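# Remarks on the overall topology
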Amino acid sequence: MSLPAVLRSRMSAPAWLSPRVLRTEALSGLVVALALIPEAVSFSIIAGVDPRIGLFASFTMAVTIAFTGGRPAMISAATGAIALVLAPLVREHGVEYLLATVVLGGLIQVLLAVSGVARLMRFLPRSVMVGFVNALAILIFLAQLPYLVDVPWTVYALLAAGLLIMVGLPRLTKAVPAPLVAIVALTAVTVAASIAVPTVGDQGELPNSLPVLGIPTVPFTLETLTIIAPFAIAMALVGLMESLMTAKLVDDITDTHSDKTRESWGQGVANIVTGFFGGMGGCAMIGQTMINVKSGARTRASTFLSGIFLLILVVALGNIVALIPMAALVGVMIMVAVGTFDWHSIQPTTLRRMPKSETTVMLATVAVTVITHNLAIGVIVGVLVAMVLFARRVAHLVNVDSVLDPDGTTKIYTVTGQLFFASSNDLVFQFDYAGDPATVVIDLSEAHIWDASTVASLDAITTKYENRGTTVTITGMNNDTEQRHTTLAGTFTGSH
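Predicted, not measured: the structure shown is a model, and the values here were computed from it.

This part covers the overall build of the protein chain. Of regular secondary structure, the protein chain possesses 20 helices and six strands. For 496 residues, the compact-globule estimate of 2.2 N^0.38 gives 23 Å, and the protein chain exceeds it by more than 25% at 29 Å. C-alpha extents for the protein chain along the principal axes are approximately 100 × 65 × 60 Å. By the burial criterion, 52% of the 496 residues in the protein chain qualify as buried.

Next comes the structure, spelled out in C-alpha cells:
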C-alpha cells in the first residue's frame, strides 16, 4: 500500500460511523433498551430494592462497558444472577451496604483480571458451553411464564401477533429489526383500541431524574468489610463467569475474537462506576446480547446507545414507555430463547453420535442451572462432571504388559498410558511379586507420570519387591516424568 493510501485509511472515519452501520447499531440499541426496562425492574424486585436502582445500574453498566469492555456488541446491565447473590445482604443490612458491595465486587474483578482469571476459559469443555447456552435459553423462556398467567385472553392474542411479526418480517425485509416493529405495532394497537393488558408501567415506578454520583454511606470499618466481602467475592465470581461465557458465545456467533482479560477488568470498572452512581451492579446479559447481535449489531456503538436510549426512555419518555404491553416484550424474549437454544445438540442423530460422557456433561449443566436458577453453579457442576468422566475414561487407557526374558532371570513390565491418581491407584496390583524372578524392570517409555499419587504407587511397588529381595529398575522415563519421579521418590515410603 502506498503512503498516501495509508494516510487516507488512517484519516478515514471508523467503520461504525458509516450511515448504514450506525443505523443498524442505533436500532439494535433501541430494541435492547426497551427489553432492558422490564428486566431491570424485575431484577430490582428480586434484589429487594427500588426499581430505579436496577434501571440506573443498567444505564451505567452499558455505557461504561462500551468503553472498557473487550467484547464489542455485548450488553452488560443489571442481571438476575447478581440480584440473587445480593438479595440476602439487602434484607439484612440495606441498600447502602449493597452499593458498597458492588464497588468492592468491581475492585475484586479488576484484581482477578490482572491475575489472569480469563485464561481459565480454555478449561471449559464444549459440552459445558452447550449446556450453558441451552440452560440459558430455558431460563429466559421460564422467566416469561409469570407474565402469561392469570392475564386477559387478549394478552395471548397480542403475543401471537408479535411472534408472527418477528418470524415473518425478516423474510420480507431486514432494514428494521423485527422486534422493534413488533413492540411499536402492539403498543399502537393497545393504545388505539384501549385494550386493557399488563404494561411496563405496571412493573414498577420508573425514575424521573438522572443518577447522582455519591459514596455509599456505610461505616469504613473492619466490621463492614467482613459483612460485605463474602457477597462481593460471590458477585465478582458469578459476574465474571457469566460475562466470559457470554463473550465466548458471541465470539462463536460472530466468528470474531475478543479480549477476555480486558472484558474482565472492564466488568470490574463498570461495577465500580455503577456502585458510585447508586446502581445494583451487574454483568453481561445473554438475552439482551442475543437481541443485539441477532439484530445485526457488531460494534461498541450499540452497547453505548442501548444505555443512552434506556436513560432517555425511562426519564424523558417514561409515560410513553409505560404504555408498552408486556406481551410485546415477552414475545421478544421468547424469540431470543428459541434462537439461543442449540437445537442441533438434542437431535436424535447428534445424540446417537455423541459420546455418552459429552451428553451427560451437557445435561448435568442444564439440569443444575435450571434447578438453581444460577448459571455459575451450573457451569461449575458441569466442569466437575466433565473432569470426573474424563479422568475415568483416561484411567481405563492404562495397560501393563509383562514378558520374561529367555534365561528366566528378568521380568520386564511395560506400562502404557497416562499415569495420575485415577489410573495409578490400581497399578500396584498389576505385578506378580511372589512369582517374579530376582530382577524386575519397569519400562515407562510409553507412559507419563503426572502427579504424586503415581510416584507413591511406584514407591509401593518398589518396596514390595525389595522386601522380597527383588531388584527393581525403572527405565524409559521422559524428562518431565524423570524429574517428577526423582523429586518425589522415597517421600511416601521413607525409602531412598
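Counting residues in each nonpolar core, the largest one holds 89 residues, and the members touching the most others are Ile37, Leu55, Phe132, Met280, Ile291 and Leu310. Looking at this core element by element, the count peaks at 12 residues for helix 2 (residues 19–47). Beyond its immediate sequence surroundings of up to four residues, Ile291 is in contact with Val31, Val32, Ala35, Val332, Met333 and Val336. Counting residues in each nonpolar core, the second largest holds 20 residues, with Val398, Val440, Leu444 and Ile449 among its members.

A few words on the pairing of strand 5 (residues 439–449). Within strand 5, eight of the 11 residues are buried, leaving the element largely enclosed by the surrounding structure. Inspection of the sheet shows strand 4 (residues 410–419) paired to strand 5 by nine bridges, in the parallel sense. Looking at strand 5, one finds that Thr416 is bridged to Glu446. Two strands pair when backbone bridges link them, and strand 5 and strand 6 (residues 471–475) are joined in this way by five bridges, in the parallel orientation. Residue Ile442 lies in a different strand from strand 6, and its bridge partner there is Ile474. With helix 19 (residues 452–467) bridging strand 5 and its parallel neighbour strand 6, the resulting β-α-β unit is right-handed.

The next thing to look at is a nonpolar patch on the surface. There is a patch of nonpolar side chains on the surface, built from Val338, Trp343, Ile346 and Leu351 and spanning about 350 Å² of accessible area. Looking at where Val338 falls in the secondary structure, it is placed in helix 14 (residues 326–340). Residue classification places Val338 among the partly exposed positions, given a relative accessible area of 41%.

The buried fraction of helix 11 (residues 286–294) amounts to eight of the nine residues, a majority that puts the element mostly inside the structure. By the burial criterion, the buried members of helix 11 are Ile286, Gly287, Gln288, Thr289, Met290, Ile291, Asn292 and Val293. The inward-facing, buried residues of helix 11 contact helix 2, helix 6 (126–144), helix 9 (222–254), strand 2 (283–284), helix 12 (300–316) and helix 14.

It is worth spelling out unusual backbone geometry at this point. Even without being glycine, Ala73 reaches a positive phi, approximately 75°. Within the secondary structure, Ala73 is located in the loop between helix 3 (51–68) and strand 1 (76–77). Given the relative accessible area of 1%, Ala73 is considered buried. You will see that Asp255, though not glycine, has its phi angle at about 55°, which is positive. Residue position: Asp255 is located in the loop between helix 9 and helix 10 (260–276).

Moving on to the pattern of salt bridges. Scanning the entire structure with this criterion turns up five salt bridges. With its nearest N and O atoms 2.4 Å apart, the salt bridge here joins Lys260 to Asp251. For the pair formed by Lys260 and Asp251, the shared burial category is buried. Between Lys411 and Asp436 there is a salt bridge, and its shortest N-O distance comes to 2.8 Å. One end of the pair, Lys411, is in strand 4; the other, Asp436, is in the loop between helix 18 (421–424) and strand 5, with 25 residues separating them in the sequence.

At a minimum axis distance of 8 Å, the contact between helix 3 and helix 10 shows a crossing angle of 145°. When you trace helix 3 past helix 10, the crossing you get is right-handed. Across the interface between the two elements, Ala57, Thr60, Met61, Thr64, Ile65, Phe67 and Thr68 of helix 3 pack against Arg262, Glu263, Trp265, Gly266, Gln267, Val269, Ala270, Asn271, Val273 and Thr274 of helix 10. Among the residues making up the contact of helix 3 with helix 10, the classes are represented as eight nonpolar, seven polar and two charged.

A word on the packing of aromatic side chains. Applying the stated rule across the entire model yields seven aromatic pairs. The interplanar angle of 45° and the centroid separation of 4.6 Å between the aromatic rings of Phe341 and Trp343 together place this pair among those described as tilted. Here Tyr433 and Tyr465 contribute two aromatic rings whose centre-to-centre distance is 4.8 Å and whose plane-to-plane angle is 55°, an arrangement assigned as tilted. Of this pair, Tyr433 sits in the loop between helix 18 and strand 5 while Tyr465 sits in helix 19, and the two are 32 residues apart along the sequence. Residue classification places Tyr433 among the buried residues on the basis of a relative accessible area of 13%.

Bringing the side chain of Ser302 into the picture now. By the element assignment, Ser302 lies in helix 12. One polar contact links the side chain of Ser302 to the main-chain carbonyl oxygen of Thr299, over a distance of 3.0 Å. Apart from the residues lying within four places of it in its own chain, the contact partners of Ser302 are Glu25, Gly29, Ala73, Asn292 and Ala297.

Where strand 3 (residues 399–404) meets strand 4, six bridges bridge the pair, whose relative direction is antiparallel. Looking at the pairing, Ser402 lines up with Tyr413 of strand 4. Here strand 3 folds back onto strand 4 in antiparallel fashion, the turn holding five residues, of which Gly408 has a positive phi close to 75°.

Here we come to the side chain of Thr369. Along the chain, Thr369 turns up in helix 16 (residues 356–372). We classify Thr369 as buried; its relative accessible area is 1%. Residues in contact with Thr369, not counting those within four places in the same chain, are Ala135, Leu139, Asn374, Leu375, Gly378 and Val379.

In the contact formed by helix 9 and helix 11, the axes pass within 11 Å of each other and the chain directions differ by 20°. Judged by the inter-axis angle, helix 9 sits roughly parallel to helix 11. The hand of the helix 9/helix 11 crossing is right-handed. Facing Thr246, Leu249, Val250, Ile253 and Thr254 of helix 9, the residues of helix 11 in contact are Ile286, Thr289, Met290 and Val293. Looking at side-chain class alone, the contact of helix 9 with helix 11 contains six nonpolar, three polar and no charged residues.

The rules behind the values
- The residue numbering used here restarts from 1 in each chain and proceeds along that chain's sequence as written.
- A pLDDT threshold of at least 70 governs which residues receive local features in this predicted model, and a stricter bar of 80 or more applies before side-chain atom pairs are shown or counted, although totals over entire chains, interfaces and linings include all residues.
- Side-chain measures were taken over the full set of non-hydrogen atoms in the model, leaving aside hydrogen atoms and water.
- Runs of E in the DSSP output that reach at least two residues are strands. Runs of H or I that reach at least four are helices, and both are numbered from the N terminus.
- Based on C-alpha atoms, the radius of gyration is set beside the globule rule, defined as 2.2 Å times the residue count to the power 0.38.
- Buried means the residue's accessible area, taken with a 1.4 Å probe over protein chains only, is under 20% of the maximum for its type, while exposed means over 50%, and partly exposed covers the values in between.
- Each nonpolar core is a collection of buried residues, namely Ala, Val, Leu, Ile, Met, Phe, Trp, Tyr and Cys, held together in the definition by side-chain atoms within 4.5 Å.
- Two residues qualify as a contact provided that any one of their heavy atoms is within 4.5 Å of a heavy atom in the partner residue.
- Pairing between two strands is assigned when DSSP locates at least 2 bridges connecting them.
- The path from the first strand over the helix to the second decides the hand: if it runs clockwise while the strands point away from the viewer, the crossover is right-handed.
- Without a salt bridge and with relative accessible area above 30%, a residue can belong to a patch; like charges are then joined within 9 Å and nonpolar side chains (Val, Leu, Ile, Met, Phe, Trp, Tyr) within 5 Å.
- In this description, accessible areas are obtained by the Shrake-Rupley approach with a 1.4 Å probe, and a residue is regarded as covered only by the protein chains that are shown.
- Throughout this description, the term salt bridge denotes a Lys or Arg side-chain nitrogen within 4 Å of a carboxyl oxygen of Asp or Glu.
- For helices, the fitted axis covers only the stretch in contact; all axes are lines through C-alpha atoms, and the angles between them, taken along N-to-C directions, range from 0 to 180 degrees.
- Crossings are assigned a handedness: left-handed for a near helix turned anticlockwise from the far helix by less than a right angle, right-handed for a clockwise turn.
- The classification used treats Ala, Val, Leu, Ile, Met, Phe, Trp, Tyr, Cys and Pro as nonpolar, Asp, Glu, Lys and Arg as charged, and all other residues, Gly among them, as polar.
- Under the pairing criterion, centres of Phe, Tyr and Trp rings, with the six-membered ring standing for Trp, must be within 6.5 Å; the plane angle then separates stacked pairs below 30 degrees from edge-to-face pairs above 60, leaving the rest tilted.
- Any pair of nitrogen or oxygen atoms within 3.5 Å is treated as a polar contact; in protein, a donor-acceptor pairing is required on top of that, and neighbouring residues in sequence qualify only through side-chain atoms on both sides.
- For classification, angles of less than 35 degrees are called roughly parallel, those exceeding 145 degrees roughly antiparallel, those between 65 and 115 degrees roughly perpendicular, and all remaining angles oblique.

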